[in-house]
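Results of the structural survey
Here are the chains, one letter per residue:
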Amino acid sequence: GRLDGSAEHYVTAQDGDFPLLAVAAREDLVFAADGGERGRIAAYSSTRFECVARTPEQGGNILALCVARHPATGAPLLVSSCSNNTVSVWDVSRVEERKELACLATVCCPGTGHILSLVVSLGEWDEEEDPFGGGGGGGGVLVLGSQDG
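How each quantity is defined
Residues numbered from 1 in each chain as written. Predicted model: local features only at pLDDT ≥ 70, side-chain atom pairs only at ≥ 80, totals over all residues. Heavy atoms only, no water. Pairing = 2+ DSSP bridges. Helix = DSSP H or I, 4+ residues; strand = E, 2+ residues; numbered from the N terminus. Axes fitted to C-alpha atoms, helices over the stretch in contact; angles between N-to-C directions. Buried < 20%, exposed > 50% of the residue type's maximum accessible area, 1.4 Å probe, protein only. Contact = heavy atoms within 4.5 Å. Core = buried A, V, L, I, M, F, W, Y, C linked by side-chain atoms within 4.5 Å.

Here strand E3 (residues 41–45) pairs with strand E4 (residues 51–54) via three bridges, running antiparallel. The residue bridging Tyr44 from the neighbouring strand is Cys51, located in E4.

In structure tokens form, the structure reads like this:
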């Protein structure tokens, strides 16, 4: 339902009756992952509650979603984990204009078990503190919560 308590609009899986396994939001969009084996993510307008874009099928259940910003450019991103042990990063800038979420990268994480939660931590470090050895200036850490720890 709506945040104001009315039941006027609902975000539901489309193209079949699938449970929504993962949801993430930013100011203008709500991202919802269907619980079907196809593994699709839909982006909904948070003001109109209409689907404005989708991802291609991922070949497994989407288990977790996380909204983030690119550490260097500040561009909006969506990070997803799938039951096929992949983590994907999606470009969610200009989503309504393009009608699709463009995949920027997909990484396979074998041996981790299903990734059930995601969080991105962005930070600024000086040269001595930079955990990535990049000479400081900032970066990001993707933290994965998996069933195998």
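Remark on secondary structure: sheet strands pair via backbone hydrogen bonds, oriented parallel or antiparallel. Pairing within the open sheet is antiparallel, and its four strands lie in the order E1-E2-E3-E4. Taken across any chain shown, the strands that pair with only one partner, and hence form the sheet edges, are strand E1 (20–25) and E4. Across the sheet, the mean angle from the axis of one strand to that of its neighbour is 25°, orientation sign disregarded.

Below, the discussion takes up unusual backbone geometry. A positive phi angle, near 65°, is found at Asn85, a position not held by glycine. In this fold, Asn85 is placed in the loop between strand E6 (76–82) and strand E7 (86–91). You will see that Arg94, though not glycine, has its phi angle at about 55°, which is positive. Topologically, Arg94 is positioned in the loop between E7 and helix H1 (95–98).

Moving on, we come to the pairing of strand E2 (residues 29–34). Burial within E2 is extensive, with six of its six residues counted as buried. Of the two faces of E2, the one carrying Leu29, Phe31 and Ala33 and the one carrying Val30, Ala32 and Asp34 are both buried. Where E1 meets E2, five bridges bridge the pair, whose relative direction is antiparallel. Directly across from Ala22, in E2, lies its bridge partner Ala33. Between the antiparallel neighbours E1 and E2 lie three residues. As judged from the five bridges shared by E2 and E3, these two strands associate in the antiparallel manner. When the bridges of E3 are listed, Ala32 appears paired with Ala42. Hairpin connection from E2 to E3: six residues lie between these consecutive antiparallel strands, with Gly39 at a positive phi of about 65°.

Glancing now at the environment of Pro76. By the secondary structure assignment, Pro76 is in strand E6. Along the backbone, Pro76 and Ser93 are 17 residues apart, and their C-alpha atoms lie at a distance of 5.7 Å. Dropping the residues within four chain positions of it, Pro76 is found in contact with Arg26, Ala68, Arg69, Trp90, Asp91, Val92 and Ser93.

Take the nonpolar core next. Counting 17 residues, the largest nonpolar core has Phe31, Ile41, Leu65, Leu78, Val95 and Leu101 as its most contacted members. Counting only elements with at least two residues in this core, the list comes to E1, E2, E3, E4, strand E5 (62–69) and E6. The element contributing the most residues to this core is E2, with three residues. Discounting chain neighbours no more than four positions away, the residues touching Ile41 are Phe31, Ala32, Ala33, Ala53, Arg54, Thr55, Ile62, Leu65, Leu78, Ser80 and Trp90.

Our next topic: the sheet that holds E6. The strand order across the open sheet built from four strands is E5-E6-E7-E8, with neighbouring strands paired in antiparallel fashion. Two strands in the sheet have a free side with no partner beyond their single neighbour: E5 and strand E8 (102–108). Ignoring strand direction, the axes of neighbouring strands in this sheet form an average angle of 20°.

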